[in-house]
There are 2 protein chains.
Amino acid sequence: MSRIGDESADIASAASSRRHEQRYVHKVGKPPKQRLVDEISHTFKETFFHDDPLRPFKNQPKSKKLLLGVQAVFPILEWGRRYKLHMLKGDILAGLTIASLCIPQDIGYAKLANLDPQYGLYSSFVPPLIYAMMGSSRDIAIGPVAVVSLLLGSMLRAEIDPKLHKADYERLAFTATFFAGVTQFVLGFFRLGFLIDFLSHAAIVGFMGGAAITISLQQLKGLLGIKSARFTKKTDIVSVMRSVWSNANHGWNWQTIVIGVSFLAFLLTCKFIGKKKRKLFWVPAIAPLISVILSTFFVYITHAEDDGVEIVRKIEKGINPSSVHRIFFTGTYLAKGFKIGAIAGLVALTEAVAIGRTFAAMKDYHLDGNKEMVALGTMNIVGSMTSCYVATGSFSRSAVNFMAGCKTALSNIVMSCVVLLTLFLITPLFKYTPNAILASIIISAVVGLLDYEAMILIWKIDKFDFVACMGAFFGVVFIGVEMGLLIAVAISLAKILLQVTRPRIALLGRVPRTSVYRNIQQYPEATKISGLVIVRVDSAIYFSNSNYVRERILRILEDEEEMEKQKIHHLIIDMSPVTDIDTSGIHSMEDLHKALKKRDIELVLANPGQAVLDKLHASDFAEAVGDERIFLTVADAISTLVPKMQP
Amino acid sequence: MSRIGDESADIASAASSRRHEQRYVHKVGKPPKQRLVDEISHTFKETFFHDDPLRPFKNQPKSKKLLLGVQAVFPILEWGRRYKLHMLKGDILAGLTIASLCIPQDIGYAKLANLDPQYGLYSSFVPPLIYAMMGSSRDIAIGPVAVVSLLLGSMLRAEIDPKLHKADYERLAFTATFFAGVTQFVLGFFRLGFLIDFLSHAAIVGFMGGAAITISLQQLKGLLGIKSARFTKKTDIVSVMRSVWSNANHGWNWQTIVIGVSFLAFLLTCKFIGKKKRKLFWVPAIAPLISVILSTFFVYITHAEDDGVEIVRKIEKGINPSSVHRIFFTGTYLAKGFKIGAIAGLVALTEAVAIGRTFAAMKDYHLDGNKEMVALGTMNIVGSMTSCYVATGSFSRSAVNFMAGCKTALSNIVMSCVVLLTLFLITPLFKYTPNAILASIIISAVVGLLDYEAMILIWKIDKFDFVACMGAFFGVVFIGVEMGLLIAVAISLAKILLQVTRPRIALLGRVPRTSVYRNIQQYPEATKISGLVIVRVDSAIYFSNSNYVRERILRILEDEEEMEKQKIHHLIIDMSPVTDIDTSGIHSMEDLHKALKKRDIELVLANPGQAVLDKLHASDFAEAVGDERIFLTVADAISTLVPKMQP
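Quantities reported herein were computed from a predicted structural model and do not represent experimental measurements.

Attention now goes to the side chain of Asp106 of chain A. Residues and elements named next belong to chain A. Note that Asp106 resides in helix α5 (residues 85-112). No salt bridge is formed by the buried Asp106. Its closest oppositely charged neighbour is Arg397, at 4.3 Å. Within the structure, Asp106 has its side chain in polar contact with the side chain of Ser124 (distance 2.5 Å).

Next up, the structure:
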């Protein structure tokens, strides 16, 4: 639009709009005070039931309510009734694909947790069944995952040596799994799901990346055929690399390296193909199983194990034995199991919920985080009683599940049936599978967790997040998994506290040819009004920042008086972003008011929100300032204070 | 103003202002991206140097800079040079008054800390001198205070029994004092002063009130003349009252009770008089000294101590001996001393800074919190080497100091001189002072800390603050001082986290006869626009709330579609209050955008701030939404989306 032409019209209309402001200044809304009970119940509802889970139950007959209640606990009853035959193809195909992917992974992941291979398979049989009945995500693929296996393994080993006290180690593992489930269940049941949001996206990316490195390093043992006796128990990069080199001259086994590296190359190529052509997603999905079959067959006929090629050797046949009696419900290991379980459970939860949300957003269906947690919790509790260790949603397998066109949780049932058959029929064959293959399968599975693109994006978007991300990453790589986790959470919390301690205080100016007032940093063309200072406090005013806010505003005043070389007679505080104020905040506002009086500057407030206004009145501060000095907008304030001001 | 008359004119002008909006829609400011270094250095400056302490140094000659530097460390050089004779009267008078008040209090407070009486006096001699040189508050009165003495006493006793291992107990006390000073100094020096802001006003009120109760209960021992051997060591109300009653029949001493209660009555009356007539503030100020003199004289002539009236008995004469060699710089007590010192130091700091700020606001002079901490820290470090225990600013004495018309920190020097003379000349006389008097002096001193008015105000203003306040109060009264402190901090932090986890999402409507859009809860008269939903997110969007924000907005959409019984085609998010967004926030905005696309609802953003806009662009989300869908104000957005809309 041509500006020159409109000038006159602009001024005219601007003038008219100014007249308009002058004639009509709307009062600041001051609704009747809420009753305390309502106030509290409202806060409570927003905190724990913001998603209003009971909505469908409203004004329904009793019988219907009951049905809905049961369906709420077992969504399978709900989607099962609506199940169409045409969905079946997708679900079965997807189920078979993730099964072929999970079987070799499970065996490997079990080793990460220092458990016998069959426990990995067990954990892919029972938990998926439970989840399929209770979970509401349609795309998640349940089973053991690399990161949790590693975390669990390293924490358990810190308590019990898995070689020397195998039985106790396994018992502690089940105990931890039990409490992992309990933790998840309790969080979900008491609607405390939001607690896991305190592990920020950046932190997770960093943590996962670090875990990927650590896990891959662990695999060097299997890949180079180093005897575990000679290999370090530590997980940090320094000690791992040292023990790798120290074994270089006599500890490595070339046959193993040949097998491992060649299959690793094969797997990574398949992964690459899958990435390039999304239609060929099944290539990387079945590659692991193929390599297991090939390598096992190869070892079987060549008896490579006699040349020092480490093989699985022993794997139990048959389905999950009960393990109820093996859980520590008493003794010193109870507390340890609880601690380990709680941590592992939370990490597992974060991973599962993140996956669930991602796919729910893609297909736009609602996912109740808390209900998910209850499902995952139950699944792990039952799992701990049927010889499973902590299971959760796997990033890689869920993606495959999604791409294979799964429609419902049925794909998980299909998968666990396949695992069942495996346990019954073909597990014995796995005993010739070389560990090197499992190592290369794990590596090719976890490389995806090292999401450098996400890291770059985080760097571009938010430097502080990047710090959290790197903190987690290096914490895991150089110190250990738990430490990395701790660092990540600590930095994330520090960020929040910093933000509420140092809110932005913006100096406002009038955006030309409008009656809008904006931050002059962002709108350099915005003009200040002489004798007036307009600031905006960009946060709730709480004890953590109340003093800062007061001091900062006073400093802005001094700067302005210096720069403008003239007396300031009004200070307008735009309170639009001030969502809340507490007693400390009120006190520092009062102090500010006192200080301003001393310099005879008038304090004017613009657009205080409901909560703030209530408190200003409750504390009689509003009276002290004077209701006539509280306006709906900055523009109203200006038009009243400086009637003959030119726009 | 009459509304009917203006109607037509209003509509006309509103229409014109609408035309105006339509013709001229200002672009959203998008300044050139900040360089990373600037960004970081800016954040750093705002966090640690927001008060710009180096400003006076700007463009000054070297010599001047040096002088300013020295003055910054020793403000006395600055105000000393400007000192006028007419100030002297006020300072001397104030000094004498607080001296007369502090001498008896010191002796009592020393007993609270389980130390010999002279240590109280020592702590009113050296620290005030140091503070007078380095501190920048003009009204604060330095010395031992009740709460810190109690806290220190109870924490020290937990480690060492003051009766059995007197020497070690004293050594640990000096060690704690040393580290209290170090903590304060370090916080100030590294500009971490804001950390103490995390103890909210409400928490302090509760904590102080609880401490007042606990301290008064402790005094029942002295007031009733119960032998300390028979009295409980615990501080919680239950065990104290129990041991008071258990001693009722044979443990009490009527002579003591008579003396104690009568003087307590006298002191409280004086306090009452002082409250009623502000001109008579000196009455409660000198009352303690008078009662000490009277009672001491009375005991001296009647030899009441033979009738079981407990007296001070032993008090050292002469000034502070050095105690450098008595500080534990090695051994197990080092760590314990550090822990105790850090806690006591922080509490002392909170009290001193609160006092300093209060009076600074009253007289409107600037007070650099961090500089104060350095001063207090140095003062306690030096104190710990000259047989003093933790000293800080006293609420009651500072108020007296202020009312007595002190002009500068000189009044502290005067006070410490009087204390010096006392130590030299009259301390021996104190050995006949009955403990009952000290008890009643302490009680009358701490009742003021139980600030029920403030508690009522907190209840009126902010319920959550009240919870924190009561948590601290009952924590102290029923469990113990440290516990109360812990509870207070925990609740305060929980409040912050809750606020950032559950921000308000407001539904906006157009305020009649304006182009202003406000929360329809606060402005019920505001009108929604059919087919549009306008929401405002009242907080930064961070990992802690990003999922909540997304889910909440989607739910509002559903509610609206239900209520309005019609399709929503636009969602406008007013981002004015959104001060910042992190990667998690971006991701959930992207998820929201996906979900909206699925329901073909267009996403429109209004007034994103600078930081947010940068990140929206960095993440290409702004491109995904489309720059043409990002407006300066909601009004602009509406006038563009719905040109023919009626106001």
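That covers the picture; the talk isn't over yet.
On to the sheet that holds strand β4 (residues 517-519) of chain B. Residues and elements named next belong to chain B. The strand order β4-β3-β5-β6-β7-β8 describes an open sheet built from 6 strands, whose pairing is mixed. Of all the strands in the sheet, the pair left with one neighbour each is β4 and β8 (630-631). Sheet analysis places strand β7 (residues 602-606) next to β8, joined by 2 bridges and oriented parallel. Note that in β8 the partner of Ala606 across the bridge is Phe631.

When chain A is brought onto chain B, the operation consists of a screw motion whose angular component is 180° and whose axial shift is 0.0 Å, with 0.1 Å RMSD remaining. On the angle and the small slide along the axis, the relation comes out as a two-fold axis. For chain A, the residue whose C-alpha comes nearest the rotation axis is Pro577 of chain A, separated from it by 2.1 Å. A share of 100% of interface residues in chain A that are also interface residues in chain B marks the association as one of identical surfaces.

Residues and elements named next belong to chain A. At their nearest, the axes of helix α13 (residues 254-276) and helix α19 (residues 435-446) sit 8 Å apart, and the two run at 30° to each other. The angle between α13 and α19 falls in the class roughly parallel. Between α13 and α19 lies a crossing of right-handed hand. Counted together, Thr256, Ile259, Gly260, Phe263, Leu264, Leu267, Leu268 and Lys271 of α13 and Ala436, Ile437, Ser440, Ile441, Ile443 and Ser444 of α19 form the full contact between these two elements.

Glancing now at the interface of chain A and chain B. Counting residues at the interface gives 103 residues for chain A, matched by 104 residues for chain B. Carbon and sulfur atoms make up 56% of the area that chain A and chain B hide from each other, which totals about 9,500 Å². Two residues, Lys495 of chain B and Asp582 of chain A, come together in a salt bridge whose shortest N-O distance is 3.7 Å. Our count for the contact surface shared by chain A and chain B stands at 22 residue pairs in polar contact (both at pLDDT 80 or more). Considering each element in turn, the side of chain A that touches chain B owes the most residues, 10 residues, to helix α1 (residues 3-23) of chain A. Residues of the side of chain A that touches chain B, tallied by class, amount to 39 nonpolar, 28 polar and 36 charged.

Next up on the list: the pairing of strand β7 (residues 602-606) of chain A. All names here are of chain A. With 4 of 5 residues buried, β7 is to be regarded as a mostly interior element. In this structure, strand β6 (residues 570-574) lies alongside β7, joined through 5 bridges in parallel fashion. Among the inter-strand pairings, Ile572 is bridged to a residue of β7, identified as Val604. In this fold, β6 hands off to helix α24 (residues 583-598), which returns the chain to β7; that crossover is right-handed.

The subject of this paragraph is the confidence of the model for chain A. Residue and element names in this part refer to chain A. The predicted model of chain A averages 87 in pLDDT, with 95% of residues at 70 or higher. Per-element averaging of pLDDT across chain A places α1 at the bottom with 43 and strand β1 (residues 142-143) at the top with 96. In this model residues 1-23 is a low-confidence stretch, pLDDT under 50, and it forms 35 contacts with partners more than four residues away in sequence or in other chains. Across the predicted assembly, pTM comes out at 0.80 and ipTM at 0.83.

Residues and elements named next belong to chain A. Under the definition given, this model contains 30 aromatic pairs over all chains. Pairing Phe178 with Phe329 gives two aromatic rings, centres 5.3 Å apart and planes at 90°, and the pair type is edge-to-face. Here Phe178 is found in helix α9 (residues 166-189), whereas its partner Phe329 is found in the loop between α14 (282-302) and α15 (332-363), with 151 residues between them in sequence. What makes Phe178 buried here is its relative accessible area of 12%. Of the aromatic side chains, those joined through ring pairs into one cluster are Phe178, Phe179, Phe329 and Phe338.

The rules we used
Residues numbered from 1 in each chain as written. Chains lettered and ligands numbered in written order. Predicted model: local features only at pLDDT ≥ 70, side-chain atom pairs only at ≥ 80, totals over all residues. Heavy atoms only, no water. Helix = DSSP H or I, 4+ residues; strand = E, 2+ residues; numbered from the N terminus. Buried < 20%, exposed > 50% of the residue type's maximum accessible area, 1.4 Å probe, protein only. Lys, Arg positive; Asp, Glu negative; His and termini not counted. Salt bridge = Lys/Arg side-chain N within 4 Å of Asp/Glu carboxyl O. Polar contact = N/O pair within 3.5 Å; in protein donor to acceptor, adjacent residues only side chain to side chain. Pairing = 2+ DSSP bridges. Least-squares fit on C-alpha atoms with pLDDT ≥ 70 in both. Contact = heavy atoms within 4.5 Å. Axes fitted to C-alpha atoms, helices over the stretch in contact; angles between N-to-C directions. Parallel < 35°, antiparallel > 145°, perpendicular 65-115°, else oblique. Left-handed = near helix turned anticlockwise from the far one by under 90°. Buried area = accessible area lost by both parts, 1.4 Å probe. Nonpolar A, V, L, I, M, F, W, Y, C, P; charged D, E, K, R; others polar. Right-handed = clockwise from strand over helix to strand, strands pointing away. pLDDT = per-residue confidence, 0-100. Phe/Tyr/Trp six-rings, centres within 6.5 Å; stacked < 30°, edge-to-face > 60°.

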